[in-house]
Amino acid sequence: MPSLDDIARFQTSLSSDDVAWLHALVTDWQIIADLSFADLVLWIPDAEAKGMWAGAQIRPTTGPTTLFEDVAGTFMPSGRIDEIEEALTSGEIVAERIAELPDGRRVRVELIPVTHDGRTIAVISRRSAESALRTASTLEAAYFEAAGELAEMIRRGEFPVPGSRSDLADSLRVGDGFVRTNAAGTVRYASPNAMSAYRRLGLVGDLVGTQLGHVTSGLVDRRPTDRGARGILGGDASTEAEIENSAASLLLRVIPLRSDGHRSGALILLRDVTELRLRERELVSKEATIREIHHRVKNNLQTVAALLRLQGRRMELPEARAALDDAVRRVGSIALVHETLSQSFDDSVAFDDIADRLLRTVLDVAEETSGAGRVSAERIGSFGMLPGAVATPLAMVLTELIQNAAAHAFGEQGGTLTLAVNRIRDRVRLRVSDDGKGLPADFDPAGSLGLSIVTTLVEGELHGSLAFEPRFGGGTTVAISLNV
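Computed from a predicted model, the values in this text were never measured in an experiment.

What counts and what doesn't
- Residues numbered from 1 in each chain as written.
- Predicted model: local features only at pLDDT ≥ 70, side-chain atom pairs only at ≥ 80, totals over all residues.
- Heavy atoms only, no water.
- Pairing = 2+ DSSP bridges.
- Helix = DSSP H or I, 4+ residues; strand = E, 2+ residues; numbered from the N terminus.
- Axes fitted to C-alpha atoms, helices over the stretch in contact; angles between N-to-C directions.
- Buried < 20%, exposed > 50% of the residue type's maximum accessible area, 1.4 Å probe, protein only.
- Core = buried A, V, L, I, M, F, W, Y, C linked by side-chain atoms within 4.5 Å.
- Contact = heavy atoms within 4.5 Å.
- 1 Å grid on protein atoms, 1.4 Å probe; cavity = no way out; pocket = protein on both sides within 12 Å on 5 of 7 lines; lining within 4 Å.
- Points joined across faces, edges and corners; volume = space filled by probe spheres on them.
- Nonpolar A, V, L, I, M, F, W, Y, C, P; charged D, E, K, R; others polar.

K.L.:
Pulling in residues and values, what's your account of the sheet that holds strand E9 (residues 239–244)?
P.N.:
The five strands are arranged E8-E7-E11-E10-E9 in an open sheet whose pairing can be described as antiparallel. With partners counted over all chains shown, the strands left at the sheet margins are strand E8 (187–190) and E9, one partner each. In this sheet, adjacent strand axes meet at a mean angle of 25° when their direction is disregarded. Two strands pair when backbone bridges link them, and strand E10 (residues 249–259) and strand E11 (residues 262–272) are joined in this way by 10 bridges, in the antiparallel orientation. Pairing of Leu-250 across the sheet is with Asp-272, part of E11.

What follows is the structure, encoded as structure tokens:
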């Protein structure tokens, strides 16, 4: 189905400003369809005056549709659309009439010219099923009246109202809550949903006949805002806002209405979002609690590491001191993950920073304690975001591999350690390579506590695969593959 841009560019002579106006119209015309209980089709004149193109369409959310098939993109030649061409030529609304469709169904059709910069650039066909019309209820009568005023504003080029729009404008619907005020800001009609929302806000009595801005300002808490409730609900300008007190939260959208060039009131759409805001606050509270837990775990692990380090200094046996140093290093790698999680808003961490810090700190400590030469390190590729359940064991794996390489792979001349990462969606492959001495002939990873920990974590906890390989050109490569 061709888009409005495609039709306007290739089939019409509309200017870019005209097309932008039509875009703004169709962005906001769901309100008119809902208030009218009718389908809307935007008809644009052909560049060669041979007929009209259906540029866009919308169905109502408040009633049945008469558009069972999409018509956008279709062409109607002159002679079959006399009423549409009449509205285009005269610039006047063509009153509602009965039309019979090819399948025998009868619909009511009204034609609204779209005016921009004093010119009629398109026509809106508004149609509803004949059987759907009956004596209107009070709510329907208020809907129809507001729809008629918006139609007149479209004809005069006063709707859509210029200005920026937010996601709030697109989220509110007529059925959520509807209030109609007059030019003085007095409520003429409030839908049942709107009354329910205001009663939850604390209203006692009826809205009809009251000054909406005055009533609302008396219900909401005094909070710092750009404009008070009276200014927001005065109906002078199109605006969007959220009002709340300790009992409820409401989303509001105000659409000014004009008649004969003068302000005639406003149409206010609103929705009760109290439960949504409560859930958001609960989530924020839970996220803060989780971050605090990670922060406290990190502090506790750092305390444990400090105690082990203190105990190691009192050890006389070099083997015992080295074992405690290894334990301090392992606890520190876990603390590093929890430190990152304590600063995150979810249970995922940017693991590249953790890997880089491990490369620096583990190699610096190893250089001081082992007496080996300077070891340079680099990371190639990116881990991206990893879940905390994967990041913690993987940090320990990297710590052991970096420490093992620094302690056993290099001599006094030092060398280079490379961490290469390749991630494709949820599959991560990493290779820790050194250009050192290479694997001994009798190499057995089970003979080393650190490599036994690596094997257990990769295969048991991360459900990945692990391989120790000679590096091309000398040295060792440890290849790990896992799903995250």
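K.L.:
How would you explain the pairing of strand E6 (residues 119–129) if you had to name every residue and give the values?
P.N.:
Of all 11 residues that make up E6, eight are buried, and the element is covered over most of its length. By the bridge criterion, five bridges tie strand E1 (residues 39–45) to E6 in an arrangement that is antiparallel. Bridge assignment links Val-41 to a residue of E6, and that residue is Ser-125. Hairpin connection between strand E5 (residues 106–116) and E6: a loop of two residues separates the two successive antiparallel strands, and Asp-117 in this loop has a positive phi of roughly 55°.

K.L.:
Now, about unusual backbone geometry: what can you tell me, with residues and values included?
P.N.:
Residue Phe-159 is joined to Pro-160 through a cis peptide bond whose omega torsion reads 10°. Mapped onto the fold, Pro-160 is located in the loop between helix H5 (138–156) and helix H6 (167–171). For Phe-37, which is not glycine, the phi dihedral falls at a positive 55°. Its location among the elements puts Phe-37 in the loop between helix H3 (30–36) and E1. A positive phi angle, close to 55°, is found at Arg-425, a residue other than glycine. Locating Arg-425 in the fold gives a position in the loop between strand E15 (415–424) and strand E16 (427–434).

K.L.:
So what about the nonpolar core? Which residues, and what values?
P.N.:
In this structure, Phe-351, Phe-383, Leu-398, Leu-419, Leu-430 and Ile-480 are the most contacted members of the largest nonpolar core, which totals 46 residues. Those elements that provide at least two residues to this core are helix H10 (274–313), helix H11 (318–342), helix H12 (351–370), helix H13 (388–408), E15, E16, helix H14 (449–461) and strand E18 (476–483). With 11 residues, H13 is the single largest residue contributor to this core. Judged by nonpolar contacts, the second largest core, of 43 residues, contains Tyr-143, Leu-150, Leu-267 and Leu-269.

K.L.:
Describe in detail the side chain of Asp-18, supporting the description with residues and values.
P.N.:
The topology assignment puts Asp-18 in helix H2 (residues 16–28). Sequence-distant contacts of Asp-18, that is, excluding residues within four places in its chain, are made with His-116, Arg-119 and Ile-121.

K.L.:
Help me get a handle on the pairing of E9, residues and values and all.
P.N.:
Only one face of E9 is buried: it carries Thr-239, Ala-241 and Ile-243, and the other face, with Glu-240, Glu-242 and Glu-244, is open. As paired elements, E9 and E10 share six bridges and run antiparallel to each other. Opposite Glu-240, over in E10, you have Arg-253 as the bridge partner. Between the end of E9 and the start of E10, which pair antiparallel, lie four residues.

K.L.:
Describe in detail the layout of surface pockets, supporting the description with residues and values.
P.N.:
Reported here for the second largest pocket is a volume of approximately 670 Å³. In this structure, the second largest pocket is lined by 25 residues; those nearest its centre are Trp-43, Met-76, Leu-101, Pro-102 and Arg-127. Elements with a contribution of two residues or more to the lining of the second largest pocket: E1, helix H4 (82–90), strand E4 (94–100), E5 and E6. Taken together, the residues of the lining of the second largest pocket sort by class into 14 nonpolar, three polar and eight charged.

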